[in-house]
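# Inside the fold
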Amino acid sequence: RDFLNGLAFKTFHSTQYVRHHSKPMYTPEPDVCHELIGHVPMLLNHHYCDLVQQIGFASLGASEKDIWHLTRVYWYTVEFGVVYEEEMVKAFGAGILSSFGELTHMGTGGATVSDLDPYNPLPKMSYKDGFQKHYFALDSFEEGDKLLTEFANTLIEKRANMQHPQEEESK
């Protein structure tokens, strides 16, 4: 919850340790290589930053159920997201970009790719089983930003209606 909430305020929490040299292809937890190679370059794209911030906005005051769903939305975008570009699937998630093994797995069609639909349940997050079995794609960062803004607004409105049901009934 705290991590996602920080995103609403443009705060990106980071780790400081380096993965063990015996496993350069994959680390089950983020390390400084993951942060610098995976996240930092992507944070230069303002649509991507807005997309990340929308997840944060949606997390503010969210129920535990919604937090778990937002964690999966974050996982399948910011960590393991892909984007269509010129009819090709390209990686943008830091978990892919910072892992040569994951990048090879994604690039050689080692997993299913579907369009991201944040309104529907997303599969269980998997990082201890090796590489991802499923990636979710955005049409573009701009479209992803719009999609997640609409989704975040839906969650925020749902919470507002739950907190003030009498106002909703009088409409």
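Everything here concerns the structure above.
Residues numbered from 1 in each chain as written. Predicted model: local features only at pLDDT ≥ 70, side-chain atom pairs only at ≥ 80, totals over all residues. Heavy atoms only, no water.

## Describing helix α7 (residues 141-163)
Put simply, the test is: In DSSP terms, a helix is any run of H or I states spanning at least four residues, a strand is any run of E spanning at least two, and both are numbered starting from the N terminus. Residue count minus one, scaled by 1.5 Å, sets the expected span of a helix. Only protein chains enter the accessibility calculation, which uses a 1.4 Å probe; a residue is then buried when its area is under 20% of its type maximum, exposed when over 50%, and partly exposed in between. What makes two residues a contact is simply this: any of their non-hydrogen atoms within 4.5 Å. By the criterion applied in these results, polar contacts are pairs of N or O atoms within 3.5 Å in which, for protein atoms, one can donate a hydrogen and the other can accept it, and in which residues neighboring in sequence qualify only through two side-chain atoms.
With 23 residues, α7 should reach 33 Å at 1.5 Å per residue; the first-to-last C-alpha distance of 32 Å fits that figure. Along α7, the residues that are buried comprise F141, G144, D145, L148, F151, A152, L155 and R159. Here the buried face of α7 lies against α2 (32-42), α3 (46-59), α4 (64-79), β1 (81-85) and β4 (134-138). Sitting at the amino-terminal end of α7 is S140, which places a side-chain oxygen 3.4 Å from the backbone nitrogen of E142.

## Description of the packing of aromatic side chains
Under the convention used in this document: Two rings from Phe, Tyr or Trp (for Trp, the six-membered ring) form a pair when their centres are within 6.5 Å of each other. A pair whose planes differ by under 30 degrees is stacked, one over 60 is edge-to-face, and the rest are tilted.
Considering all chains together, one arrives at eight aromatic pairs under this definition. Between the aromatic rings of F3 and Y74, the centroid separation amounts to 5.3 Å while the plane-to-plane angle is 85°, which identifies the pairing as edge-to-face. Here F3 is found in helix α1 (residues 2-8), whereas its partner Y74 is found in helix α4, with 71 residues between them in sequence. The class for F3 is partly exposed, based on a relative accessible area of 28%. Among the aromatic residues, those joined into a ring-pair cluster are F3, F12 and Y74.

## Notes on the sheet that holds strand β3 (residues 112-115)
Rules: In this scheme, strands are said to pair when DSSP sees at least two bridges between them. Note on definitions: angles span 0 to 180 degrees between N-to-C directions of axes, and those axes are lines fitted to C-alpha atoms, for helices only across the stretch in contact.
One open sheet holds the four strands; their spatial order is β2-β1-β4-β3, and the pairing between them is mixed. Each end of this open sheet is capped by a strand with a single partner; those strands are β2 (88-91) and β3. Going from strand to strand, the sheet's axes swing by 40° on average, the running direction of each strand aside. Pairing geometry for β3 and β4, over four bridges, is parallel. Paired with S114 across the strands is F136, a residue of β4.

## Some words on the pattern of salt bridges
Rule in force here: When a carboxyl oxygen of Asp or Glu lies within 4 Å of a side-chain nitrogen of Lys or Arg, that pair is called a salt bridge.
One pass over the structure, following the stated rule, counts four salt bridges. R1 is paired through a salt bridge with E64; the nearest N and O atoms lie 2.7 Å apart. Taken together, the residues R1 in the segment before α1 and E64 in helix α4 connect sequence positions 63 residues apart. Classification of R1 by relative accessible area gives partly exposed; the value is 36%. The closest approach of N and O atoms between K90 and E85, which form a salt bridge, is 2.9 Å.

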